[in-house]
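So the chains spell out like this:
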Amino acid sequence: MRLQDKTAIVTGAASGMGASTARIFAAEGARVLLTDVLEDEGAAVAAEITGAGGEARFQRLDVTSEADWDSAVAAALAAWGRIDILINNAGISGSHPDRLNVDTWDAQMNINAKGVFLGMRPVIPAMQGAGGGAIVNISSISGFVGQDYVHMGYNAAKGAIRLATKSAAVQYAPDGIRVNSVHPGIMPPMRTSKLTADPEIRAKMIAAIPMAREGGVEEVAYANLFLASDEASYITGIEVPVDGGYLAL
Ligand SMILES: NC(=O)c1ccc[n+]([C@@H]2O[C@H](COP(=O)([O-])OP(=O)(O)OC[C@H]3O[C@@H](n4cnc5c(N)ncnc54)[C@H](O)[C@@H]3O)[C@@H](O)[C@H]2O)c1
């Protein structure tokens, strides 16, 4: 199995790409700490994984809370003694109809950008103690290009993830810690999507994709799996679009 004996923390694991990543990681032998603000849904995904013979736990973690991060890291270390993988996946949509809304900018920066940094803050020392690890930060095609229907705060936050990832990759390579970003394209709508969940708008967005379809959550999860595994042992600081060719156009 590709993640045998590894321990992973996945944020935003109650839903979408985070849930898919947690399921696939557990099936590949990882012990997975699923985290989210949605407690019932997150616990249900963890129960489904353990019911299928995998090893998983759920803990509530709001990615904007330093205290939540500290207790999640402490829980993973108490249970399993090490953290090998962090998937910084939690996020909120930027498809807010009011493009100039200030609260939206702040929420984007706080959850989508700062939340990723707050995750690396306690996990990197744990990985240093264990002799290395792999971090995958989930950005978006929105970290590369501007888009209609998306608040500029989302693009800015996802762009911040892209560069923070490279910075961490450079700074922690000597500790054996690899840090990469994954950039999903047009995927099933997020729980918080507004404009981009509208069927007419989605049809226009999908028409701009060379592969002419939306992606599946598992297609992103498998990119996460590769980057988190030892198969990617010489890969750090890169950006992996999973977008059906959107950025190639
Ligand atoms: N769906 C898309 O089209 C798309 C495209 C590109 C990138 N992304 C990114 O992929 C990631 C996963 O998105 P998804 O499509 O699975 O969406 P989703 O809405 O299904 O899942 C996101 C999860 O993050 C959780 N979350 C939100 N705020 C949180 C917080 N403060 N603390 C902890 N958890 C929180 C939510 O409860 C939810 O379970 C996000 O970072 C998103 O920005 C999504």
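Notes on the structure follow. (Residues numbered from 1 in each chain as written. Predicted model: local features only at pLDDT ≥ 70, side-chain atom pairs only at ≥ 80, totals over all residues. Heavy atoms only, no water.)

So, on to the nonpolar core. Judged by nonpolar contacts, the single largest core of 30 residues is most densely connected at Phe25, Val32, Leu34, Ile49, Ile85, Ile87 and Val182. Of all the secondary structure elements, the ones that give two or more residues to this core are strand S1 (7-11), helix H1 (16-27), strand S2 (31-36), helix H2 (39-51), strand S4 (85-88), strand S5 (133-138) and helix H7 (217-228). Here Ile87 is in contact with Ile9, Val10, Thr11, Thr21, Phe25, Val136, Ile138 and Asn224, once residues within four sequence places are set aside. Membership of the second largest hydrophobic core comes to 25 residues, among which are Leu61, Leu118, Met127 and Ala168. (Core = buried A, V, L, I, M, F, W, Y, C linked by side-chain atoms within 4.5 Å. Buried < 20%, exposed > 50% of the residue type's maximum accessible area, 1.4 Å probe, protein only. Helix = DSSP H or I, 4+ residues; strand = E, 2+ residues; numbered from the N terminus. Contact = heavy atoms within 4.5 Å.)

What follows is about H2. Its 13 residues give H2 an end-to-end C-alpha distance of 18 Å, which sits within 8% of 18 Å, the value for a rise of 1.5 Å per residue. Along H2, the residues classified as buried are Gly42, Val45, Ala46 and Ile49. Along the axis of H2, the buried positions cluster into a sector of 95°, meaning they face one direction only. Looking at H2, the residues exposed on the side facing more than 90 degrees away from the buried face are Asp40 and Gly51. Lining the buried residues of H2 we find H1, S2 and strand S3 (55-60). Just downstream of H2 lies Gly53, where phi reads positive at about 95°. (Expected span 1.5 Å × (residues − 1). Arc of directions from axis to C-beta.)

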